[in-house]
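# Close look at the chain arrangement
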Amino acid sequence: MTRSALVEGLPSTSSGRGGAPHHLSRVLGAGRPMVCGILNVTPDSFSDGGLFDSLERAVEHGCRLAAEGADLIDVGGESTRPGSRPPTLGEELDRVVPVVEALGRQVPVPLSVDTSRPEVMRAAVAAGASMVNDVRALQRPGALEAAAELGVPVCVMHMQRSPETMQEDPRYRDVVTDVRTFLAERMVACLDAGVRPEHLVVDPGFGFGKTLSHNVALLASLDAFTGLGVPVMVGLSRKSVLGRLTGRTVGDRLPGSLAAALVAVQRGASVLRVHDVAATRDVLAVLDAVDAG
Ligand code: YH5
């Protein structure tokens, strides 16, 4: 399977709510990395300060991500910041589904849903989402089956333990090997459940049960994950690993985030999950020019 396999998986036409065609195939088919904009619809979002907790503001922010050139927008209603408590199913559905419905009508960009709950996966795809992104790698009961039945691309991410406990002394035998083995096992589980191979995306899960040195090792060896034969997604944007490396608070982590994005793409990442879409596109424009020359 090639890195462009994600392409065939994502619909090349709109998800049916009256938007323009997505043309995602041209994006990855051209070998260009994709930029996935982050749309948090949690009241306690780490950097939105609750500003986007209403439907209107969430949709407005989604439109901005699209205008900045996002290839994909990831809509999430569960805050997975370290120590956080999960929302109820009802809360998560109420946050995510109206945003997917409304944003899907307004932007010609495919939407993914950042969730671990099969009920949310089903409702979001019914509302127009084109992809499932699960930080728990479809390990919740019913999640594998839902993803397979929905027939959409799925991103499986590595996390050690749970958001409540993941940053309490994380340990690995060898972080790169351990994370890669986990992702390979989840790929097999997905395939066994009936997920199409061209629908698989993997993510090492930066910040999810990793120390500073674990995160740096994973980024340095990201090419180990491209060996799994499916597109690799990377989420480093504004994360505390960058705060640790630069001494910056969350609002001042753009330069660190862009450096991380560049390194990730140079080591084979296919999808960059970021807050700052326009700035990330600029990084890719420079890299593109160099690669073309
Ligand atoms: C990810 O890496 N992350 S939610 C703390 C931050 C900044 C950002 C304070 N969902 C990922 O975005 N899905 C999340 O700094 C994800 N990969 C995939 N596939 C956490 C998040 C964040 C947390």
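Data block above holds the structure.
Below is a summary of the structure that appears in this document. (Residues numbered from 1 in each chain as written. Predicted model: local features only at pLDDT ≥ 70, side-chain atom pairs only at ≥ 80, totals over all residues. Heavy atoms only, no water.)

With that out of the way, let us pick up the nonpolar core. Ile73, Leu138 and Phe225 are the most contacted members of the largest nonpolar core, which has 71 residues in total. In terms of residue count, helix α7 (residues 175–193) provides more of this core than any other element does, 8 residues in total. With residues up to four places along the chain from it excluded, the contact list for Ile73 reads Cys36, Gly37, Leu39, Gly62, Leu65, Ala66, Leu103, Val109, Pro110, Leu111 and Ser112. Membership of the second largest hydrophobic core comes to 8 residues, among which are Cys36, Met131, Cys155 and Val201. (Core = buried A, V, L, I, M, F, W, Y, C linked by side-chain atoms within 4.5 Å. Buried < 20%, exposed > 50% of the residue type's maximum accessible area, 1.4 Å probe, protein only. Helix = DSSP H or I, 4+ residues; strand = E, 2+ residues; numbered from the N terminus. Contact = heavy atoms within 4.5 Å.)

For the rest of this paragraph, the subject is the sheet that holds strand β2 (residues 72–76). Reading across from one edge, β6-β5-β4-β3-β2-β1-β8-β7 is the order of the 8 strands in this open sheet, with parallel pairing throughout. In the strand order of this sheet, the two ends are held by β6 (200–203) and β7 (233–234), each with one partner. Pairing of β2 with strand β3 (residues 111–114), which is carried by 4 bridges, proceeds in the parallel orientation. Residue Gly76 lies in a different strand from β3, and its bridge partner there is Asp114. Along the sheet face, α7 touches β5 (154–157) and β6 and points at about 155 degrees away from the line of β6. (Pairing = 2+ DSSP bridges. Axes fitted to C-alpha atoms, helices over the stretch in contact; angles between N-to-C directions.)

It is worth spelling out helix α12 (residues 277–292) at this point. The end-to-end C-alpha distance of α12, which contains 16 residues, comes to 22 Å, matching closely the 22 Å that a straight helix rising 1.5 Å per residue would cover. Where α12 is concerned, the buried positions are Val277, Ala279, Thr280, Arg281, Val283, Leu284 and Leu287. Summarising the contacts, the buried residues of α12 are in contact with β1 (34–40), α3 (55–67), α11 (254–266) and β8 (271–274). (Expected span 1.5 Å × (residues − 1).)

Neighbouring residues of the ligand: 18 residues in total, closest Asp114, Asn133, Asp203, Lys239 and Arg273. At a separation of 3.0 Å, a nitrogen atom of the ligand approaches a polar side-chain atom of Asp114. Residues that form the shell around the ligand fall into these classes: 6 nonpolar, 6 polar and 6 charged. (Near = heavy atom within 4 Å. Polar contact = N/O pair within 3.5 Å; in protein donor to acceptor, adjacent residues only side chain to side chain. Nonpolar A, V, L, I, M, F, W, Y, C, P; charged D, E, K, R; others polar.)

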